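# Observations on chain architecture
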Amino acid sequence: MTVTDLDLRGMSCGSCAARIEGALNGIDGVRAAVNFALERAHVQHEPAVSATDLIRVVESTGYQASVVVDPFGPADDAPNDELRRRLIGSTLLALPVVAVSMVMPWHFVGWQWLSLALTTLVVAWGGYPFHRAALAGLRHRTSTMDTLVSLGTLAAYLWSATAVLRGVGPVYFEVAAAVTVFLLAGRYAEVRAKRASGAALRSLVSLAAKDAVVSRDGEEVPVPVSQLQVGDVVVVRPGERVATDGVIIDGATALDTSAMTGEPVPVDVAVGDIVVGGSLNTYGRLLVRATRVGADTQLARMARLVSEAQNSKAPVQRMADRVAAIFVPAVLVIAAVTMAGWLLTGQPAASAFTAAVEVLIIACPCALGLATPTAILVGTGRGAQLGILIKDPTLLETVDGVDTVVFDKTGTLTTGAMTVQDVEVQPGEDADLVLARAAAVESASEHPVAAAIVAAARLRGLELGSGPADFVNHPGTGVVGVVDGVEVAVSRAGSLAGVELLAPARQTAVQVTWGGQVRGVITLADEVKPDSATAIAELLAMGITPMLLTGDSPAVARRVAEQVGISADNVIAGVLPTEKSDAIEHLQASGRTVAMVGDGVNDSVALAVADIGMAMGSGADAAIDAGDLTLIRTEVHTVPTALRLSARTLRTIRMNLFWAFAYNVAAIPLAALGWLNPMIAGAAMACSSLLVVTNSLRLKRFDG
């Protein structure tokens, strides 16, 4: 499937978004999601369907569309500037109309004619965007919020104009003028608030460097970041941002990654350390060899994940979209029935007209269309600032029910930086030879145990050779390779039958075998992360059961569990990678809603099977791709923070939807009964949208 993002213009409410989405999804081989808050359509389609076909379908529904060239580029300020000019001009014109209409002593001779002239300008020029959109909808036999606004203001204006020309009857110029101003103010504030809700993603993208200095043939050459290639040596001076992901080959400094990970303290780095693009170099000069460039960098992937999440829809939003799609036609019917009812009961035509106008104006479903997407925009953006990437908003509704969080051990609860504690050999064997051959085989593996063994051998000055021949990795068990013409196996201690375990029971141990005999056992230790115990305590306080799931020995698993505060009854140890997903499914079968936290390739299946997969961003790409949430920071306390943020975002969505529904359910009957002034109705409609967006913006203050 090909993916195309479209910028949309002309939408005014959730019913517009629902209509465009329905039209796009009506094309064979197309799956589209339209985001009203972003004014964008995210379309997956077969190659046979072109972008031109998609744009043509959007235009056939009465709206404009264009292909998004730069999804992270600066927003177009032209529509916002035009809206501001109309708002200021209409306000200046409407103030005299409202003043002279509402204050009886100011009714000078001919005041109605002045009101007619000023209101004509307000309704025709100030309200032009509403009337234009309503007319476009009429041509396509559809109705939107603009239909209600246009009908309401034009009805008040035409009724009043007719009364002035005939010289008899009440006038409602102040209604037409004030409602137009209120709705322009609401639309302008709404646009500004929607822009603020997407500020987090824009600030994330702004971290990317535009240019880089590359060291080539002893010279420093400035080049655009887009021209960087893997292997380039990038020079990073103090005060500059690292241009791309890479490894430091010269220099030392402290990097400020707070804007990407939420980590407030700069991280000390030196030769051999991995750095990510967008990090701010605080004081030292660095030479960084690029390992990932362009769209493959962590910053680009973060921005892409957040953008895709913001373009997606939570299930609760789809329900709101279905309501919005039928809401406007229903309001038109209610307004007609209201007017007919007043007339049939013998009420004056002016009263019947006023009640119908009140229904039209107060019932606009803007708040309904903004309730969910603005909360998702702000929530996912704030998550990105805290180092939490919410990849799919559908998981928000699962978070509420999570009662179990299952942790992988190595690299998740522990640092993953294991160190060799001891090399214990059988009688007659040489410890250095055992360690050297083990390291030679493990040099072809990326497992933390392998890295620790290789580091220990190099620390002792042992010769490792050029690496093993015929290397084979047996996930969860060990590795095999040919060294010095001998087949050497390094495997989890106790995984071979009939072998007596030499290592201490509460440490990680691997056995080194060749010639059909175990030659020795290497014991290793892995330090628990400093914040693991605090994170586990937070989960327990939230009423969530933490569990440990690891392929390590039960004794080692129990030791780690004891250190972090996980009950021994909640430890599952000695499982193979293929068995981790089985363990998750067993927990789910017992009625639990499970979140899985892991960082390795061997966790990817379990992450996909869990109700919510939480991948540590420092881990393997397969784990990150499989997870629903990616935790950029390596600290474990981001797990409860991510759960709280997700729950807070869902709670905000529900509050928004409740207000949007409650407002319309309460307001329409009041308007139909004639208990609301049309001006108050217009102000209330504008305020309802602002209340929903403002409530969503509160998520920007979430701090964990």
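All figures in this text were calculated on a predicted structure; none of them were measured in a lab.

What follows deals with the packing of aromatic side chains. Inspection of the entire model under this criterion finds three aromatic pairs. When the centroid spacing of 4.6 Å and the interplanar angle of 15° are considered together, the rings of tryptophan 159 and phenylalanine 353 count as stacked. One end of the pair, tryptophan 159, is in helix H6 (residues 145-166); the other, phenylalanine 353, is in helix H12 (residues 349-362), with 194 residues separating them in the sequence. With a centroid separation of 5.8 Å and an interplanar angle of 50°, the aromatic rings of tyrosine 172 and phenylalanine 353 are classed as tilted. Here tyrosine 172 is found in the loop between H6 and helix H7 (173-197), whereas its partner phenylalanine 353 is found in helix H12, with 181 residues between them in sequence. Residues tyrosine 172 and phenylalanine 353 agree in their burial class; the two are buried. Each member of the aromatic cluster is reached from another via a ring pair, and the members are Trp159, Tyr172 and Phe353.

Here we take up the packing of H6 against H12. Angle between the axes and distance between the axes are the two parameters that describe a pair of packed helices. Running from N to C, H6 and H12 cross one another at 155°; their axes reach a closest spacing of 8 Å. Classified by the interaxial angle, the pair formed by H6 and H12 is roughly antiparallel. Every pair of crossing elements has a handedness; the one defined by H6 and H12 is left-handed. Between H6, through Leu148, Leu151, Gly152, Ala155, Ala156 and Trp159, and H12, the contact on the second element is made entirely by Ala349, Ala350, Phe353, Val357, Leu360 and Ile361. Looking at the contact of H6 with H12 residue by residue, the classes come out as 11 nonpolar, one polar and no charged.

If you look at the biggest cluster of nonpolar residues, it comprises 121 residues, and the most contacted ones within it are Leu8, Met11, Leu24, Val405, Phe407 and Met614. The element that contributes the greatest number of residues to this core is helix H23 (residues 638-672), accounting for 14 residues. Look past the residues within four positions of methionine 11 in its chain and what remains in contact with it is Cys16, Ala17, Ile20, Val34, Asn35, Phe36, Glu39 and Tyr63. By size, the runner-up hydrophobic cluster in this structure holds 26 residues, among which are Val423, Val449, Val512 and Ile522.

Turning next to a nonpolar patch on the surface. The grouping of Phe658, Trp659 and Leu691 at the surface amounts to a nonpolar patch, some 330 Å² of accessible area in total. When you line up the elements, leucine 691 lands in helix H24 (residues 678-697).

Further remarks concern the pairing of strand E17 (residues 469-474). When E17 meets strand E18 (residues 478-483), the two strands line up antiparallel, connected through four bridges. Across the sheet, the residue bridging to valine 472 is valine 480, located in E18. Where E17 folds back on E18, the antiparallel hairpin that results is connected by three residues, among which glycine 476 adopts a positive phi of roughly 85°.

The alternating pattern of strand E7 (residues 233-236) places Val233 and Val235 and Val234 and Val236 on opposite faces, both of which are buried. Here strand E5 (residues 211-216) pairs with E7 via two bridges, running antiparallel. Bridge assignment links valine 213 to a residue of E7, and that residue is valine 235. Here E7 runs beside strand E13 (residues 286-292); their pairing, made up of four bridges, is antiparallel. Each residue of the ladder has a partner; that of valine 236, found in E13, is leucine 286.

Looking now at the sheet that holds strand E9 (residues 253-256). In space, the three strands of this open sheet follow the order E10-E9-E12, with antiparallel pairing throughout. Because the sheet does not close on itself, it has two edges, and the strands there are strand E10 (267-269) and strand E12 (280-281). Two strands pair when backbone bridges link them, and E9 and E12 are joined in this way by two bridges, in the antiparallel orientation. Across the sheet, aspartate 256 pairs through a bridge with leucine 280, a residue of E12.

Thresholds applied
Sequence positions are assigned chain by chain, starting from 1 and proceeding in written order. Given that the model is predicted, a residue must reach a pLDDT of at least 70 before its local features are reported, and side-chain atom pairs must reach 80 or more before they are shown or counted; all residues, however, enter totals for whole chains, interfaces and linings. Hydrogens and water are ignored here; the side-chain numbers use all heavy atoms of the structure. Stacked, tilted and edge-to-face are the three classes applied to pairs of Phe, Tyr and Trp rings, where Trp contributes its six-membered ring and a pair requires centres within 6.5 Å; stacked means planes under 30 degrees apart, edge-to-face means over 60, and tilted covers the rest. Strands are runs of DSSP state E lasting at least two residues, helices are runs of H or I lasting at least four, and both sets are numbered from the N terminus onward. Any residue under 20% of the maximum accessible area for its type is buried, any over 50% is exposed, and the rest in between are partly exposed; the area is computed with a 1.4 Å probe on protein chains only. Inter-axis angles, ranging from 0 to 180 degrees, are taken between N-to-C directions of lines fitted to C-alpha atoms, where helices are fitted over the stretch in contact. Roughly parallel refers to an angle under 35 degrees, roughly antiparallel to one over 145, roughly perpendicular to one between 65 and 115, and oblique to any angle outside these ranges. Handedness of a crossing follows from how the near helix is turned relative to the far one, being left-handed for an anticlockwise turn of less than a right angle and right-handed for a clockwise one. Here, residues are in contact when the closest pair of their heavy atoms is within 4.5 Å. Residues are grouped as follows: nonpolar covers Ala, Val, Leu, Ile, Met, Phe, Trp, Tyr, Cys and Pro; charged covers Asp, Glu, Lys and Arg; every other residue, Gly included, is treated as polar. Among the buried residues, those of types Ala, Val, Leu, Ile, Met, Phe, Trp, Tyr and Cys that are joined through side-chain atoms within 4.5 Å form a nonpolar core. Exposure above 30% relative accessible area and the absence of a salt bridge qualify a residue for a patch, where like charges join within 9 Å and nonpolar side chains (Val, Leu, Ile, Met, Phe, Trp, Tyr) within 5 Å. Note that accessible areas follow from Shrake-Rupley with a 1.4 Å probe, and for residues the cover is restricted to the protein chains shown. For this document, the term salt bridge refers to a Lys or Arg side-chain nitrogen within 4 Å of an Asp or Glu carboxyl oxygen. Any two strands with at least two DSSP bridges between them are considered paired.

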